[in-house]
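# Survey of secondary and tertiary structure
Here are the chains, one letter per residue:
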Amino acid sequence: MLKNKRGMEMVQVAILIALAVALGLIFRTQITEFVNNTFADLNS
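What comes next is a walk through the structure. (Residues numbered from 1 in each chain as written. Predicted model: local features only at pLDDT ≥ 70, side-chain atom pairs only at ≥ 80, totals over all residues. Heavy atoms only, no water.)

## Focus: the overall build of the protein
The secondary structure content of the protein amounts to two helices and zero strands. Taken across its 44 residues, the protein has 0% of its residues classed as buried. For the protein, the accessible surface area stands at approximately 4,400 Å², while carbon and sulfur atoms represent 70% of it. (Helix = DSSP H or I, 4+ residues; strand = E, 2+ residues; numbered from the N terminus. Buried < 20%, exposed > 50% of the residue type's maximum accessible area, 1.4 Å probe, protein only. Areas by Shrake-Rupley, 256 points an atom, 1.4 Å probe, with all protein chains shown as cover.)

## Observations concerning helix α2 (residues 28-43)
With 16 residues, α2 extends 22 Å between its outermost C-alpha atoms, agreeing within 8% with the 22 Å of an ideal straight helix rising 1.5 Å per residue. In terms of burial, α2 is a largely surface element, zero of the 16 residues being buried. (Expected span 1.5 Å × (residues − 1).)

## Things to note about a nonpolar patch on the surface
Together, Leu-16, Leu-19, Leu-23, Ile-26, Phe-27, Ile-31, Phe-34, Val-35, Phe-39 and Leu-42 give the surface a local cluster of nonpolar side chains, amounting to about 1,000 Å² of exposed area. Listing elements by their share of the nonpolar patch, those giving two or more residues are α1 (2-26) and α2. Of all the elements, α2 adds the most residues to the nonpolar patch, at five residues. If you trace the backbone, Phe-39 turns up in helix α2. (Patch = residues over 30% accessible without salt bridge, like charges linked within 9 Å, V, L, I, M, F, W, Y side chains within 5 Å. Salt bridge = Lys/Arg side-chain N within 4 Å of Asp/Glu carboxyl O.)

Printed below as a string of structure tokens:
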């Protein structure tokens, strides 16, 4: 029973990581633009 729970936890973690990577790839340009604008504002 305990082994099955650990396996499910690993699957959940893998799904969450894959989701985070997918969102990062989808919104890559917006994220890059936001970071660049933020650093530009801090430097000026």
